[in-house]
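Structural description and commentary
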Amino acid sequence: MNNDNLGALFQRLPVETYVVTFTVILWIMLSATAPNFMTVDNISNMMRQVSISGIIAIGVLCTIIIAGIDLSVGSVAAFCGVIVAQLLSHGYGIPISVGLTLLAGVLVGSINAAGVGKLGIPAFVVTLAGLQVYRGFALLVSGGMTVGGLPPQIKDFSRGTLLGIPNLFTTMLVVAIIVHYLLSYTRTGRYLYAIGSNSEAARRQGIPVFRMTLIAYVLSSGLATLAGILLVSRLSIASPSMANAYELQAIAAAVVGGASLFGGRGTVLGAVAGAILFTTMGNGAVLLNIDPFWEMVLEGLLIALVVYLDNLQKKRQSGL
Amino acid sequence: MVFYPKETTLIVALSMGPSMKPVLTIRNVRKSFGPVEVLRGVDLDLVPGEVLALVGDNGAGKTTLIKHISGVYRADSGEIQLDGKSMDLLSPRQVRERGVETVYQDLALADDLTVGANIFLGREPMRRLFGVLPYIDERAIRNETASLLDRIKSHIPAKSKTVARLSGGQRQAVAIARAIYWKAKVVIMDEPTAALAVMERENVIKYARELAASGAGVIYIGHNLVEILEVADRIAVMFRGTIVHLTTAGETTQEKLIKYMTGYTDKEIAA
Ligand SMILES: Nc1ncnc2c1ncn2[C@@H]1O[C@H](COP(=O)(O)OP(=O)(O)OP(=O)(O)O)[C@@H](O)[C@H]1O
Ligand SMILES: [Mg+2]
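Below you will find a few notes about this structure. Here the structure is a predicted model, which means the values were calculated and not measured. Along each chain, residue indices are assigned from 1 in the same order as the chain's sequence is written. Here the convention is simple: chains get letters from A, ligands get numbers from 1, in the order in which they are written. Reporting of local features is limited, given that this is a predicted model, to residues whose pLDDT is at least 70; pairs of side-chain atoms are given and counted only at 80 or more, and all residues count toward the totals for whole chains, interfaces and linings. Processing note: side-chain calculations cover all non-hydrogen atoms of the structure and skip hydrogens and water entirely.

Notes on the sheet that holds strand β1 (residues 24-33) of chain B
Residues and elements named next belong to chain B. Across the sheet, which stays open at both edges, the 4 strands sit in the order β2-β1-β4-β5 with antiparallel pairing between neighbours. Across the chains shown, the open sheet's two edge strands, defined by having one partner strand only, are β2 (36-46) and β5 (85-86). One bridge is not enough; two strands pair if DSSP finds at least two bridges between them. Strands here mean DSSP runs of E at least two residues long; helices mean DSSP runs of H or I at least four residues long; both are numbered from the N terminus. Judged from the 5 bridges that link them, β1 and strand β4 (residues 77-82) form a sheet pairing that is antiparallel. For I26, the partnering residue across the bridge sits in β4 and is I80. Residue contacts follow a heavy-atom distance rule, with two residues in contact if any of their heavy atoms lie within 4.5 Å. Throughout, an axis means a line fitted to C-alpha atoms (over the contacting stretch in the case of helices), and angles, computed between N-to-C directions, take values from 0 to 180 degrees. Most of the contacts of helix α2 (residues 62-69) go to β1, to which it runs at about 120 degrees, and overall it touches β1, β2 and β4.

Pasting the structure below:
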């Protein structure tokens, strides 16, 4: 087989192939070297952990597909986590507290979309501002303190399982299936990819570009809000400093899973697989007693490598 | 290479003469950008089934004129009618919905989508799972795309997943297939071969003829006169914002066209 055929073969493999392969290899290696890795406790712990970063990654993916980005998700998760905890601790019922908080998340997404789509400010700038602003709001609303005194049902949800699968993981699966359906089978999804690929062409074909931008950013903020609520359930408190740097992990998960920062490419399966990979790396580092600082370095290098490959492919595509 | 004999369509168009109703009529269209009058009263008719070439020097106003047709610009005065109805207040999107497609050299396709997804972009056929859950009918898209590409005899590799790796000519084919499939009444091609290799130019000419044969009126802007004489039924020469000469392709030569393009009058050319 010559080089060309090999290249064509790689082209035809699903984009998620690399991340899934890499993750499986890592699992095998960890099973062999860390005796505590393949235990029921450790696996279900990882499943709970990955649910939150996975949900955020799925949301961010939607903005990456339209050639945007959402850097505010970590702060939004913390801000909305604080809001829901405040509401709950003031005695509002769970449906009202969660409903109002999700509404706040939708509002944040609409503001981001307006900044990007109506004012034409780069998504990077709009959401970088958001990263700072919502972290600030989280600190203001909580007075810089952790918020506790939550009803026990909150804690129970994240402890609970359904058919042996942690509720948190089931929640992520439901989110993943819905967004996968949206992206792969509906016109909305098709238009998101079209806009990310060539927004001018999409506009000329009569696609409502702003409405699609709104959908992408509302999904991103909305899912970050959901993740914030789940995080509160998991920790049984809300801290204004929680979910720190989650935006980087989420973006990295999506990109490692085959999303292109140039837009037009990326899948839910890839983003979830990316999230699983990073969770596994973190878990493995703990089990093998590797200095967490090394883990940060490794993660960073992995992101750099993947973005470099993405760049390379884009260049080859445009014949440069 | 199979060409649709343009003489046939030409003879049909001419013999039907006045009885062949134009699909597009442009009457005394004027347009100034600030102090500069770019269009100084343009008159032009386009009949179904013809390729009308629009030639002229750089800056003559060709692109400006077709942007009035596609709804990008509004004329200061004058009128453009499609099938006898004024298009004056229509947005680009509404113009397109009424059957006027513009094939752009660039910016026309979404690289990360498949050929079929591009042809059907914005008008995807839908089905419902269990009569409820809507989803895009990919099979219909695939089948229609295959027969369409077969029809215009374009050699787009079947295994190409996205349009990213297609050549310039193949990309034109996709855009033209889109116009054919959606039964455009008017197709505008502004310098469609500008960035193409010789072989691919031949294909684009073939596609333009195919479009005309399918009943569309085609406006074809170009600078290469050999190509223009090959593709066009009629040729309109534009000079400084007006149509100074209108001829059938059979009745003219490159030399004559160049003279009109550079501002010679009828009298000077006759002499
Ligand atoms: N939006 C605009 N504002 C001001 N001047 C314009 C604008 N658009 C076009 N013009 C001017 O109008 C004139 C005609 O331009 P146009 O693009 O229609 O020429 P053209 O015939 O298409 O030329 P070419 O063969 O080079 O494409 C040029 O002098 C151009 O500078
Ligand atoms: Mg031009």
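We are not done yet, so read on.
Digging into the site of ligand 1
All names here are of chain B. Proximity criterion: a residue is near a molecule or strand once any of its heavy atoms comes within 4 Å of it. Surrounding ligand 1, one finds 13 residues, the nearest of these being N58, G59, K62, T63 and T64. Think of a polar contact as two N or O atoms within 3.5 Å of one another; within protein, one of them needs to be a possible hydrogen donor and the other a possible acceptor, and neighboring residues in sequence only count if both atoms come from side chains. A distance of 2.5 Å separates an oxygen atom of ligand 1 from a polar side-chain atom of T64. E191 is positioned such that a nitrogen or oxygen atom in its side chain is 3.4 Å from an oxygen atom of ligand 1. Working definition of accessibility: Shrake-Rupley area with a 1.4 Å probe, residue cover restricted to the visible protein chains. Computed on the free molecule, ligand 1 has an accessible area of 630 Å², of which 60% lies beneath the protein chains in the complex. The nonpolar class holds Ala, Val, Leu, Ile, Met, Phe, Trp, Tyr, Cys and Pro. Asp, Glu, Lys and Arg form the charged class, and all remaining residues, Gly among them, are polar. Residue composition of the shell around ligand 1, by class: 4 nonpolar, 6 polar and 3 charged.

Comments concerning the nonpolar core
For this analysis, a nonpolar core means a set of buried residues of the types Ala, Val, Leu, Ile, Met, Phe, Trp, Tyr and Cys, connected via side-chain atoms within 4.5 Å. Burial classes follow relative accessibility: with a 1.4 Å probe on protein chains only, a residue under 20% of its type's maximum area counts as buried, one over 50% as exposed, and anything between as partly exposed. In terms of nonpolar packing, the biggest core is built from 94 residues, with I58(A), L61(A), I64(A), V179(A), L183(A), I207(A) and V268(A) touching the most fellow members. With sequence-adjacent residues up to four places away left out, V179(A) is seen in contact with I58(A), C62(A), L223(A) and V268(A).

Remarks on unusual backbone geometry
We note that A243(A) has phi near 60 degrees; this positive angle belongs to a residue other than glycine. Despite not being glycine, E191(B) shows a phi value in the positive range, around 45 degrees. With respect to the helices, strands and loops of the structure, E191(B) is situated in the loop between β9 (186-190) and α7 (198-213). By relative accessible area, which is 27% here, E191(B) ends up partly exposed.

Overview of helix α5 (residues 138-151) of chain B
A helix's residues, less one, multiplied by 1.5 Å, set its expected span. In this model α5(B) runs 20 Å from its N-terminal to its C-terminal C-alpha over 14 residues, within 8% of the 20 Å that 1.5 Å per residue would give. Of all the positions in α5(B), only I141(B), T145(B), L148(B) and L149(B) are classed as buried. One side of α5(B) carries all its buried residues, which in axial view fall inside an arc of 95 degrees. In α5(B), the exposed positions angled more than 90 degrees off the buried face are occupied by R139(B) and D150(B). Where the residues of α5(B) are buried, they touch α9 (187-197) of chain A together with α4 (115-119), β8 (133-136) and α6 (168-181) of chain B. Positive phi appears at K153(B), one or two residues downstream of α5(B), with a value of about 50 degrees. Here the arc refers to the directions that run from the helix axis out to each C-beta atom.

The quantities given are spatial measurements derived from coordinates; they are silent on function.
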